[in-house]
Amino acid sequence: MFQNNPLLSQLKQQIRDSKQTVEGIVKSTDKAYGFLETEKESFFIAPPDMKKVIHGDKVKAVIEEIDGKKQAVPEELIEPMLTRFIAKVRFNKDKKLQVLVDHPNIKQPIGANQLKSVKEELQEGDWVVANLKTHPLRDDRFLFTNIQEFICRKDDEFAPWWVTLARHEQSRYPVSGQDNYPMLDTQTREDLTALHFVTIDSESTQDMDDALYIEKIEQNGSQTGWRLVVAIADPTAYIALDSQIEKDARQRCFTNYLPGFNIPMLPRELSDDLCSLMPNETRPALVCYIETDLAGEITNAPYFVSAEVQSKAKLAYNKVSDYLEQVENAWQPETAEIKQQVEFLHQFALARIQWRKTHSLLFKEKPDYSFVLAENGHVQEIKAEHRRIANQIVEESMILANICCAHYLDEKAKTGIFNTHKGFDTKFLTNAHNFLMANFANDENRAELETRYSTENLATLAGYCQMRHDIEPYEGDYYEFRLRRFLTFAEFKTELAPHFGLGLTGYATWTSPIRKYSDMVNHRLIKATLTSGECAKPSDEILARLQEARRQNRLVERDIADWLYCRYLNEQVESKPEFDAEVQDVMRGGMRVQLLANGASVFVPASTIHPNKEEMEVNNDEIALYINGERRYKIGDVVKLQLTKVKEETRSLIGNLLLP
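Calculation rules
Residues numbered from 1 in each chain as written. Predicted model: local features only at pLDDT ≥ 70, side-chain atom pairs only at ≥ 80, totals over all residues. Heavy atoms only, no water. UniProt positions renumbered as here; feature names shortened; annotations may be inferred. Pairing = 2+ DSSP bridges. Helix = DSSP H or I, 4+ residues; strand = E, 2+ residues; numbered from the N terminus. Core = buried A, V, L, I, M, F, W, Y, C linked by side-chain atoms within 4.5 Å. Buried < 20%, exposed > 50% of the residue type's maximum accessible area, 1.4 Å probe, protein only. Phe/Tyr/Trp six-rings, centres within 6.5 Å; stacked < 30°, edge-to-face > 60°. Lys NZ or Arg CZ within 6 Å of the ring centre and 35° of its normal. Axes fitted to C-alpha atoms, helices over the stretch in contact; angles between N-to-C directions. Parallel < 35°, antiparallel > 145°, perpendicular 65-115°, else oblique. Contact = heavy atoms within 4.5 Å. Nonpolar A, V, L, I, M, F, W, Y, C, P; charged D, E, K, R; others polar. Domains from an automatic or database assignment. Buried area = accessible area lost by both parts, 1.4 Å probe. Salt bridge = Lys/Arg side-chain N within 4 Å of Asp/Glu carboxyl O. Polar contact = N/O pair within 3.5 Å; in protein donor to acceptor, adjacent residues only side chain to side chain.

For the protein, an unreviewed UniProt entry supplies the name Exoribonuclease 2 and the organism [Actinobacillus] rossii. UniProt annotates the protein under Catalytic activity (unreviewed entry) with the comment "Exonucleolytic cleavage in the 3'- to 5'-direction to yield nucleoside 5'-phosphates."

Written as structure tokens, this is what we have:
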């Protein structure tokens, strides 16, 4: 009687239309219920309705009032949390195939089907890539997935690498090479094999793409400056624009440097052999001549040539640093020529460091953390490595060469791939101004600082550099960390633009063509100017891919590191080790800190900081935690921490603060 009754259907629709509807994100809990988080309000989701959704789903829901309390009933899927995702294989008690999503907030097992393209016999705990096939709010069916790719077995020691690469859709394999690599360039190359070039790298480095030679410029018997000759490996001499190697490099964009090994952007026979500037081997190179005065200021326009070069020695960072720092029983240069090159490069680097300190910006001295691994991937040690003088020699030479490249490409090619950074995000300029005035202005200097820290001045390269120089003398990282929240991201552009982060009017990398696709593009453009060839503007697609690949590589490196930290520290957690740590973030739920000894990121729950949450308040402007009205912790503070828990399944570390 009531079936298919149009009046009844119309009545139901009117009742539904009269109710409040909202859009929001589903948040699960450790219980069966959850919440729908909207921009203004949070609504309870009852356990039966949570079975229709997944944590992170964006849904439209009807708001019902039950027993005087509002709750959300999800009705329409706007955007699913899961599409392609990483999971572990599970078999239920009936031996039916399921997957467990690799996400800390998604606990429910989901039914699965193994696609025919996946040939492995799946076992409990294996890592796989899955795709969501059906969703209750979209298909009027239960949650179900397809397993589309096998990653590795559950006991694979290298699971952190393989799973992370699969998560970010990056290949674990090197680029495929060719049977042979004929020289494609036809231009005449200058013979510079007589110059005493040297390379300075880590001892294990095989893909050596830069070599240096330096000599004094003298006039009337007195030194007036330096002539630095930078030789860069020339892989584009062997790679055709329409080749598969070029296409693969354009997709990968960077060599992926991971703990224990790297995945090269180019075939290893190119990156580690034919193009690598090995000692006593003649190699094609793109070479830049740069002249400066004794203070490191460029005095003449740099010029580029295609050449053949021959490195005379492969030097190691630590050995060169030991020698220059006069460490007892340190390595000594094998020849007078090597000794002269090392000492000249040292003097030159010191001049350039001082020049950048005065005219641009220096990097904040922070250690790099490196994992020392056994052959099976087991973490033996984590080292905090500080930049020593030999690293700075190479760094200063490469920065100078990239400055020269930017202005050369701008003048000669009218385009290129430029590394740019606009400083403060325009929408945060007022915030930056207010923060600087609040922290540095007083009655005596207020008028002066109103001008110096005006939004107009902070938006200029000179004004930004002045501000950075102002905060340098202060101890700790608070001001830098706080102001960093107002910065925009670095970008790739095809026109010259300043790089505020470096304090430079222009910057374009060309010194790592074995490792960076942008440098290959710039090589081709420089060589085109030398042969009167066409200088084609790089496409927007290339810039977008570079930006995305850089983001992906950073995520891969971070995710693998988080996993390895858990494995390493899990062996120590029972002894409740204590560490010094730097506060990286302050939020309502607690604080995130970085261990200074090894770089691990640890979460400190708010409940362990102070027993009464009502007495705690987070100041988002200061990124600080107040307890009973007193500022107790802020970003950049160094605290003492005890590691209490390691959760390898979520790659997270938990600790408690130790009171002074």
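Moving on to the pairing of strand 8 (residues 110-114). It is a general feature of regular strands that their side chains alternate between the two faces of the sheet. Bridge count for strand 7 (residues 97-101) against strand 8 is 2 bridges, and the pairing is antiparallel. In the strand pairing of strand 8, V99 is matched with I110. Pairing geometry for strand 8 and strand 10 (residues 144-152), over 4 bridges, is parallel. When the sheet's bridge partners are listed, N113 is paired in strand 10 with N146.

Another aspect to go through is the nonpolar core. Grouped together as the largest cluster of nonpolar side chains are 79 residues, with contacts concentrated most on V230, V287, V309, L315, W510 and Y517. The dominant element in this core, judged by the number of residues it contributes, is helix 9 (residues 389-413), at 13 residues. Counting 75 residues, the second largest nonpolar core, distinct from the first, contains I560, I609, I623 and L625.

Attention now moves to the packing of aromatic side chains. Following the criterion strictly, the structure yields 26 aromatic pairs and no others. Centroid distance F158 to W161: 4.9 Å. Interplanar angle 50 degrees. Geometry classified as tilted. For the pair shown, F158 and W161 are each scored as buried. Ring centres 6.1 Å apart and planes at 35 degrees place the aromatic pair F158 and W162 in the tilted group. Residue W162 is classed as buried on the basis of its relative accessible area of 15%. These aromatic residues form a ring-pair network of at least three members: F435, F440, Y474, Y478 and Y479. In this structure, R631 packs its charged tip against the face of Y478, placed 5.9 Å from the ring centre.

This part covers the sheet that holds strand 27 (residues 624-627). Read from one edge to the other, the open sheet built from 3 strands follows the order 26-27-28, with strand pairing classed as antiparallel. Of all the strands in the sheet, the pair left with one neighbour each is strand 26 (616-619) and strand 28 (630-634). Direction aside, neighbouring strands of the sheet carry axes that sit 30 degrees apart on average. Bridge analysis of strand 27 against strand 28 gives 4 bridges, and the strand direction is antiparallel. Across the sheet, A624 pairs through a bridge with K634, a residue of strand 28.

In contact at an axis separation of 11 Å, helix 7 (residues 317-324) and helix 8 (residues 336-359) are set at 80 degrees when each is read in the N-to-C sense. Judged by the angle between their axes, helix 7 and helix 8 are roughly perpendicular. Listed contacts from helix 8 to V320, Y323 and L324 of helix 7 are K339, V342, E343 and H346. A per-class count over the contact of helix 7 with helix 8 returns 4 nonpolar, 1 polar and 2 charged.

Let's shift gears to the domain arrangement of the protein. One can read the domain layout of the protein as domain 1 (20-79), domain 2 (84-156), domain 3 (190-418 + 508-560), domain 4 (422-488) and domain 5 (572-657). Taken together, the contacts link 6 residues of domain 3 with 9 residues of domain 4. The junction of domain 3 with domain 4 conceals about 570 Å² of combined surface from both sides, 49% of it contributed by carbon and sulfur atoms. It is L361, K364 and K366 in domain 3 that bury the most area against domain 4; as a group they hold 74% of the surface buried on that side. Between the two partners, domain 3 and domain 4, sit 2 salt bridges. Put simply, domain 3 and domain 4 have 2 residue pairs in polar contact (both at pLDDT 80 or more) between them. Its residues placed into classes, the side of domain 3 that touches domain 4 shows 1 nonpolar, 2 polar and 3 charged.

A separate point is the pattern of salt bridges. The final tally for this structure, using the stated rule, is 43 salt bridges. Here K107 ties to D30 by a salt bridge, and the two come within 3.8 Å at their closest N and O atoms. In this pair, K107 sits in the loop between strand 7 and strand 8 while D30 sits in the loop between strand 1 (21-28) and strand 2 (34-37), placing the two residues 77 residues apart along the sequence. As far as burial versus exposure is concerned, K107 and D30 are alike and both exposed. A salt bridge links D322 to R388; the shortest N-O distance between them is 2.6 Å. Of this pair, D322 sits in helix 7 while R388 sits in the loop between strand 20 (379-385) and helix 9, and the two are 66 residues apart along the sequence.

Attention now goes to the sheet that holds strand 9 (residues 127-134). Strand pairs in the sheet, formed through backbone hydrogen bonds, run parallel or antiparallel to each other. Pairing within the closed barrel is mixed, and its 5 strands lie in the order 6-7-8-10-9. Within this sheet the neighbouring strands show an average axis-to-axis angle of 55 degrees, counted without direction. Across the face of the sheet, helix 4 (residues 159-167) comes into contact with strand 6 (84-91), strand 9 and strand 10 while running at roughly 135 degrees to strand 10.

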